[in-house]
Amino acid sequence: MHNFFELSKGAKLLLFAVSLVVLAEGAFLYYVQTKPEINSCQYMISEWEKANPETAKAKEAYTGPIAAVNYESEKWPMAIQSKQIIDEAVAKGPNFAGHFVMVDWECGENCKRHAIVDAVTGNIMAYGIPSETGLRYSVESSLFVTNPVGNVPSLTDVAGMDFEKKRLWFNTPREYYELAEEGTKVSVRRLCIENTYDSQF
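Anyway, here's the lowdown on the structure attached to this text.

Rules used in this analysis
- Residues numbered from 1 in each chain as written.
- Predicted model: local features only at pLDDT ≥ 70, side-chain atom pairs only at ≥ 80, totals over all residues.
- Heavy atoms only, no water.
- Helix = DSSP H or I, 4+ residues; strand = E, 2+ residues; numbered from the N terminus.
- Buried < 20%, exposed > 50% of the residue type's maximum accessible area, 1.4 Å probe, protein only.
- Contact = heavy atoms within 4.5 Å.
- Areas by Shrake-Rupley, 256 points an atom, 1.4 Å probe, with all protein chains shown as cover.
- Arc of directions from axis to C-beta.
- Salt bridge = Lys/Arg side-chain N within 4 Å of Asp/Glu carboxyl O.
- Pairing = 2+ DSSP bridges.
- Disulfide = S-S within 2.5 Å.
- Lys, Arg positive; Asp, Glu negative; His and termini not counted.
- Polar contact = N/O pair within 3.5 Å; in protein donor to acceptor, adjacent residues only side chain to side chain.

Regarding its fold elements, the protein presents six helices and seven strands. In sequence order, the secondary structure elements of the protein are arranged as α-α-α-α-β-β-β-β-β-α-α-β-β. Per-residue burial for the protein yields a buried fraction of 33% across its 201 residues. Summarising the internal contacts of the protein: among those between residues at least 6 apart in sequence, 47% fall at separations of at least 24. Element-wise, carbon and sulfur atoms account for 57% of the exposed surface of the protein, whose accessible area totals about 12,900 Å².

Shown next as structure tokens:
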């Protein structure tokens, strides 16, 4: 057996080239295995955070007096039908985006509805936001997510269901929204939508 120094110049070059290829492949595999996974909605959220640093920063929970809910708005006349649920939720204080209250209620199987009330003014900012399995939200953030991970059946569970139930869950969207405040104007804007199971394949 020859040692490295006894090899011809051509053999040494070939061995060097093979070594570079092996190192490059190893580096690539390490990158693929260790790089953080990111989907399109995670990308959009990071872009939103960069474009709206003031809105994206953590909110402080409002601790002042809670206003009575205003049901006189012409924009949300149906809200009066959920008066008891809304009033009880608002009485507990803000749980979303600093000084807002996110209200949740059932509307049937795999059906939930949500409203957003400003605890400072009592005004209803949104009513009837739909989801199948609920929302993820926080008093510190102005973002909320419909049908978050943990609320929907796992991919393993769905795999054991019949086709119609699979069709139901695979057509369940996960949507990312922002509560945008521009002066006295408040609006709910969707930032991104994805299939509930896209990131699990």
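Moving on: helix H4 (residues 83-91). Note that an α-helix has 3.6 residues per turn; residues three or four places apart therefore point the same way. Burial in H4 covers these residues: Ile86, Ala89 and Val90. Angularly, the buried residues of H4 cover 95° about the axis, an arc narrow enough to put them on a single face. Opposite its buried face, H4 presents the exposed residues Gln84 and Ala91, each directed more than 90 degrees away. Positive phi shows up at Gly93, right after H4, with a value of about 95°.

Time to look at unusual backbone geometry. The phi dihedral of Ala97 falls on the positive side, at around 50°, and the residue is not glycine. With respect to the secondary-structure elements, Ala97 resides in the loop between H4 and strand S1 (100-108). Despite not being glycine, Asn147 has its phi angle at roughly 50°, a positive value. One can find Asn147 in the loop between strand S5 (143-146) and helix H5 (155-159). What makes Asn147 buried here is its relative accessible area of 1%.

Another point: the pattern of salt bridges. Evaluated as defined, the whole model comprises nine salt bridges. The closest approach of N and O atoms between Glu54 and Lys57, which form a salt bridge, is 3.0 Å. The exposure class assigned to Lys57 is partly exposed, which follows from its relative accessible area of 45%. The salt bridge partner of Glu106 is Lys112, with a shortest N-O separation of 2.4 Å. Glu106 sits in the exposed class, given a relative accessible area of 55%. Via salt bridges that share partners, Glu178, Glu182 and Arg189 belong to a single interconnected network.

Turning our eyes to something else, we now look at the pairing of strand S2 (residues 111-118). For S2, the buried fraction is high: six of the eight residues fall into the buried class. Two successive antiparallel strands, S1 and S2, enclose a turn made up of two residues, where Asn110 displays a positive phi of approximately 50°. When S2 meets strand S3 (residues 124-131), the two strands line up antiparallel, connected through six bridges. Bridging from a neighbouring strand, Ala115 pairs with Tyr127 of S3. Between the antiparallel neighbours S2 and S3 lie five residues, among them Gly122 with a positive phi of about 85°.

Looking now at the state of the cysteines. Considering all chains together, one arrives at two disulfides under this definition. One disulfide bridge connects Cys41 with Cys192, the sulfur atoms lying 2.1 Å from each other. Between Cys41 and Cys192, the S-S torsion sits near -85°, and that sign places the bridge as left-handed. Of this pair, Cys41 sits in helix H2 (residues 40-51) while Cys192 is found in strand S7 (residues 185-195), placing the two residues 151 residues apart along the sequence. Each member of the pair, Cys41 as well as Cys192, is classed as buried. Between the sulfur atoms of Cys107 and its disulfide partner Cys111 the distance amounts to 1.8 Å. On the S-S bond that ties Cys107 to Cys111, the torsion sits near -95°, and the link is left-handed. If you count the bonded cysteines of the protein from the N-terminus, they pair up as 1-4, 2-3.

Inspection of the secondary structure assignment puts Lys59 in the loop between helix H3 (53-56) and H4. It is Glu181 that comes nearest to the buried, bridge-free Lys59 among opposite-charge side chains, at 6.2 Å. There is a polar contact of 2.4 Å between the side chain of Lys59 and the backbone oxygen of Thr55. At a separation of 3.2 Å, a polar atom in the side chain of Lys59 contacts the main-chain carbonyl oxygen of Lys57. Those residues in contact with Lys59 that lie beyond four places of it in its chain are Glu54, Ala97, Gly98, Val139, Glu140, Ser141 and Ser142.

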